[in-house]
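Chain residues, written in single-letter form:
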Amino acid sequence: MNRKIYNKLIRDNIPNIIKADGKECTVEITEGEELIKLLNEKLQEEVDEYFESNDIEELADIVEVIHGILHNRGVTAEELENIRLKKKEERGGFSKGIKLLEVF
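As a starting point, this report considers the structure included with it. In this text the structure is predicted, and so the values were computed from the model without any measurement.

### Regarding the environment of threonine 26
Reasoning step 1: Following the sequence through the fold, threonine 26 ends up in the loop between α1 (14-20) and α2 (32-53).
Reasoning step 2: In this structure threonine 26 comes out as exposed when scored by relative accessible area, which is 77%.
Reasoning step 3: C-alpha of threonine 26 to C-alpha of glutamate 45: the two residues are 19 residues apart in sequence and 21 Å apart in space.

Below, the structure written as structure tokens:
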């Protein structure tokens with residue numbers, strides 16, 4: 001039997017998908033600081049995948065990880081959106097494509 005070691009955070013339904021495919025897996029439930037660490041690693045993994053593919057689906061994965069981080073840090077998506085909007089109001093967004101060349 002081929003075993004592949006992952007030791008990484010996965011989406012909640014992946015164990016069921018693996019079993020439906022006729023395979024077995026070993027999992028553990030993480031929480032606290034370990035979970036935040038794994039979420040941060042997953043965020044980096046998803047960002048790297050987006051950079052490699054430029055696939056919009058990878059952006060959806062990034063957003064899902066962000067929702068996981070928010071949930072586990074006790075912050076709502078609405079609170080994050082309020083922070084985003086406040087920063088956008090103060091500093092602007094990225095819709096104009098402005099590239100800073102130098103400051104003197």
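### A word on the side chain of threonine 30
Reasoning step 1: As for its position among the elements, threonine 30 is in the loop between α1 and α2.
Reasoning step 2: Excluding its chain neighbours within four sequence positions, the residues that come into contact with threonine 30 are Leu9, Leu35 and Leu38.

### A few points about the packing of α2 against helix α3 (residues 56-72)
Reasoning step 1: α3 packs onto α2 with a crossing angle of 165 degrees between their chain directions and a minimal axis gap of 9 Å. If you check the angle between α2 and α3, you find them roughly antiparallel. Here the hand of the crossing between α2 and α3 comes out left-handed. Residues Leu35, Ile36, Leu39, Asn40, Lys42, Leu43, Glu46, Val47, Glu49, Tyr50 and Ser53 of α2 form the contact with α3, whose own contacting residues are Glu58, Leu59, Asp61, Ile62, Val65, Ile66, Gly68, Ile69 and Asn72.

### A closer look at the packing of aromatic side chains
Reasoning step 1: One pass over the structure, following the stated rule, counts 1 aromatic pair.
Reasoning step 2: Residues tyrosine 50 and phenylalanine 51 carry aromatic rings whose centres are separated by 6.3 Å and whose planes lie at 50 degrees to one another, so their mutual orientation is tilted.

### Quick notes on the side chain of lysine 42
Reasoning step 1: Along the chain, lysine 42 turns up in helix α2.
Reasoning step 2: The exposure class assigned to lysine 42 is buried, which follows from its relative accessible area of 11%.
Reasoning step 3: Looking at lysine 42, its side chain comes within polar contact range of the main-chain oxygen of leucine 9, at 3.0 Å.

### A look at unusual backbone geometry
Reasoning step 1: Its identity as a non-glycine residue notwithstanding, asparagine 7 has a phi of 50 degrees, on the positive side.
Reasoning step 2: Following the sequence through the fold, asparagine 7 ends up in the segment before α1.
Reasoning step 3: Phi is positive for asparagine 54, close to 55 degrees, though the residue is something other than glycine.
Reasoning step 4: Along the chain, the position of asparagine 54 falls in the loop between α2 and α3.

### A few points about the pattern of salt bridges
Reasoning step 1: Taken as a whole and assessed by the stated rule, the structure comprises 7 salt bridges.
Reasoning step 2: As a salt-bridge pair, glutamate 45 and lysine 8 come within 3.1 Å of each other at their nearest N and O atoms. One end of the pair, glutamate 45, is in helix α2; the other, lysine 8, is in the segment before α1, with 37 residues separating them in the sequence.
Reasoning step 3: By relative accessible area, glutamate 45 is classed as partly exposed at 22%.
Reasoning step 4: With relative accessibility at 38%, the residue lysine 8 sits in the partly exposed group.
Reasoning step 5: Salt-bridge contacts for lysine 42 lead to glutamate 45; the nearest nitrogen and oxygen are separated by 3.4 Å. Of the two residues, lysine 42 and glutamate 45 are both situated in helix α2; the distance of 3 residues between them amounts to about one turn of the helix.
Reasoning step 6: Taken together, the shared-partner salt bridges connect Lys8, Lys42 and Glu45 into one network.

Parameters and conventions
- Residues numbered from 1 in each chain as written.
- Predicted model: local features only at pLDDT ≥ 70, side-chain atom pairs only at ≥ 80, totals over all residues.
- Heavy atoms only, no water.
- Helix = DSSP H or I, 4+ residues; strand = E, 2+ residues; numbered from the N terminus.
- Buried < 20%, exposed > 50% of the residue type's maximum accessible area, 1.4 Å probe, protein only.
- Contact = heavy atoms within 4.5 Å.
- Axes fitted to C-alpha atoms, helices over the stretch in contact; angles between N-to-C directions.
- Parallel < 35°, antiparallel > 145°, perpendicular 65-115°, else oblique.
- Left-handed = near helix turned anticlockwise from the far one by under 90°.
- Phe/Tyr/Trp six-rings, centres within 6.5 Å; stacked < 30°, edge-to-face > 60°.
- Polar contact = N/O pair within 3.5 Å; in protein donor to acceptor, adjacent residues only side chain to side chain.
- Salt bridge = Lys/Arg side-chain N within 4 Å of Asp/Glu carboxyl O.

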